[in-house]
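Structure at a glance
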Amino acid sequence: MKIQEVPSPIDLRNPKDAMEWANEANIKRPWRYDFFDMYVHKINNLNIENIQILDIGSGPGFLAKYLLQHCPDIRYTAADFSNAMHKLSKSKLLTRELNRATFRLIDFKQEGWFEDLGQFDVVIIHQALHELRHKAHAINFHQQVKKLCKNQTVYFVCDHIFAPDAMQNNQLYMSKKEHFQSLKNAGFKNIELIKDEKGLCLFECIESSERPIS
Ligand SMILES: C[S@@+](CC[C@H](N)C(=O)[O-])C[C@H]1O[C@@H](n2cnc3c(N)ncnc32)[C@H](O)[C@@H]1O
């Protein structure tokens, strides 16, 4: 059955729309930074040197800036289909932060988008999963993310949820239960809801190639 995607009201590849989104995002939801703090806390507690981070749907660079400022031992890769967003992101970074950052133009709705990106210790998708434009694509997307993971990579998924006091479109947004299910069905392990604030939920899970002991 053909999936009826939900069209986006804005074109985030258009510089004007990208700028508008960037100007409003933290005013509409200042609690985004509570989530950014959670990433910093989790990343700085990883026992890995030279941590490779991939941020999918990285946007105008708020998270890039925050991570590069607060996590001294990371290499950060921003993946987005919008050059306008990458431009905004680069403009926020100091030279020493840019030196630890890589920008990749990818469209995660295109086949094979994950090829040639590399493998990462941490993968984040923050407020961008719904850009798949239908929740039915989530499992396939998470399975593709697995190709970007090493054994024990930590995968963070944060998005608006479908709930009575949150988003109302259940084609675009998933309930908490649906998020758990899609990550589980894609094969991720140790799935936990680690932050739930004002309609945004952050899930953490682990890629594990280890097979369960039978
Ligand atoms: C709502 S913004 C979130 C930006 C950023 N993660 C943040 O929270 O500040 C969604 C981002 O996903 C990007 N995006 C949308 N569809 C995409 C696609 N098919 N492939 C790659 N990036 C996409 C947009 O350009 C935009 O930067």
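Our subject is the structure that appears above.
Analysis parameters
- Residues numbered from 1 in each chain as written.
- Predicted model: local features only at pLDDT ≥ 70, side-chain atom pairs only at ≥ 80, totals over all residues.
- Helix = DSSP H or I, 4+ residues; strand = E, 2+ residues; numbered from the N terminus.
- Buried ≥ 20, exposed ≤ 12 C-beta atoms within 10 Å, placed from the backbone.
- Contact = placed C-beta atoms within 7 Å.
- Near = placed C-beta within 6 Å.
- Nonpolar A, V, L, I, M, F, W, Y, C, P; charged D, E, K, R; others polar.
- Expected span 1.5 Å × (residues − 1).
- Arc of directions from axis to C-beta.
- Axes fitted to C-alpha atoms, helices over the stretch in contact; angles between N-to-C directions.
- Left-handed = near helix turned anticlockwise from the far one by under 90°.
- Pairing = 2+ DSSP bridges.
- Core = buried A, V, L, I, M, F, W, Y, C linked by C-beta atoms within 7 Å.

Comments concerning the overall build of the protein
Each helix and strand counted, the protein has 7 helices and 7 strands in total. Overall, the protein shows an N-to-C arrangement of helices and strands of α-α-β-α-β-α-α-β-β-α-β-α-β-β. Counting only C-alpha atoms, the protein reaches 50 × 40 × 35 Å along its principal axes. The burial tally for the protein puts 37% of its 214 residues in the buried class. Put simply, of all contacts in the protein between residues at least 6 apart along the chain, 67% involve residues at least 24 apart.

Let's talk about the site of the ligand
Among the 19 residues in the neighbourhood of the ligand, the closest are listed as Leu-12, Gly-57, Gly-59, Ser-82 and Glu-131. In the shell around the ligand, the residues fall into 9 nonpolar, 6 polar and 4 charged.

Thoughts on helix H2 (residues 32-44)
Across its 13 residues, H2 extends 19 Å between first and last C-alpha, which sits within 8% of the 18 Å expected from 1.5 Å per residue. When we look at burial in H2, the residues that qualify are Arg-32, Phe-35, Tyr-39 and Ile-43. The buried residues of H2 occupy an angular sector of 75 degrees when the element is viewed end-on, so they sit on one face.

Details of the packing of H2 against helix H3 (residues 62-70)
In a packed pair of helices, the relevant descriptors are the angle between the two axes and the axis-to-axis distance. H3 packs onto H2 with a crossing angle of 40 degrees between their chain directions and a minimal axis gap of 10 Å. In this structure, the crossing between H2 and H3 has a hand that is right-handed. In this structure, H2 contributes Phe-36, Tyr-39 and Val-40 to the contact, and H3 contributes Leu-63, Tyr-66, Leu-67 and His-70. Tallied by class, the residues present in the contact of H2 with H3 amount to 6 nonpolar, 1 polar and no charged.

Some points on the sheet that holds strand E4 (residues 120-126)
Across the sheet, 7 strands lie side by side as E3-E2-E1-E4-E5-E7-E6; this open sheet has mixed pairing. Each of the sheet's edge strands pairs with one partner strand only, and the pair in question is strand E3 (101-105) and strand E6 (189-197). The sheet shows a mean angle of 15 degrees between the axes of neighbouring strands, direction not considered. Strand direction decides the pairing type here: strand E1 (residues 51-56) and E4, joined by 4 bridges, are parallel. Considered in E4, the bridge of Asp-55 is made with Ile-124. Against the sheet, H3 touches E1, strand E2 (74-80), E3 and E4, its axis set at about 175 degrees to E2. Against the sheet, helix H7 (residues 176-186) contacts strand E5 (149-160), E6 and strand E7 (200-206), and its axis sits at roughly 20 degrees relative to E7.

Thoughts on the nonpolar core
Ranked by internal contacts, the top residues of the largest apolar core, which has 50 residues, are Ile-53, Leu-67, Val-123 and Tyr-155. Looking at this core, the element that brings in the most residues is E5, giving 6 residues. In this view, Tyr-155 contacts Val-123, Val-145, Cys-149, Phe-188, Cys-205 and Glu-207; residues no more than four positions away in its chain are not counted. Residues Leu-12, Ala-18, Ala-84 and Leu-88 belong to the second largest nonpolar core, which totals 5 residues.

Quick look at the environment of Ile-56
Summarising the element assignment, Ile-56 is placed in strand E1. Here Ile-56 falls in the buried class, since 27 other C-beta atoms lie within 10 Å of it. Each C-alpha atom, one on Ile-56 and one on Asp-116, is 14 Å from the other, the two residues being 60 residues apart in sequence. The residues contacting Ile-56, other than those within four sequence positions of it, are Ala-79, Phe-108, Val-123, Ile-125 and Ala-128.

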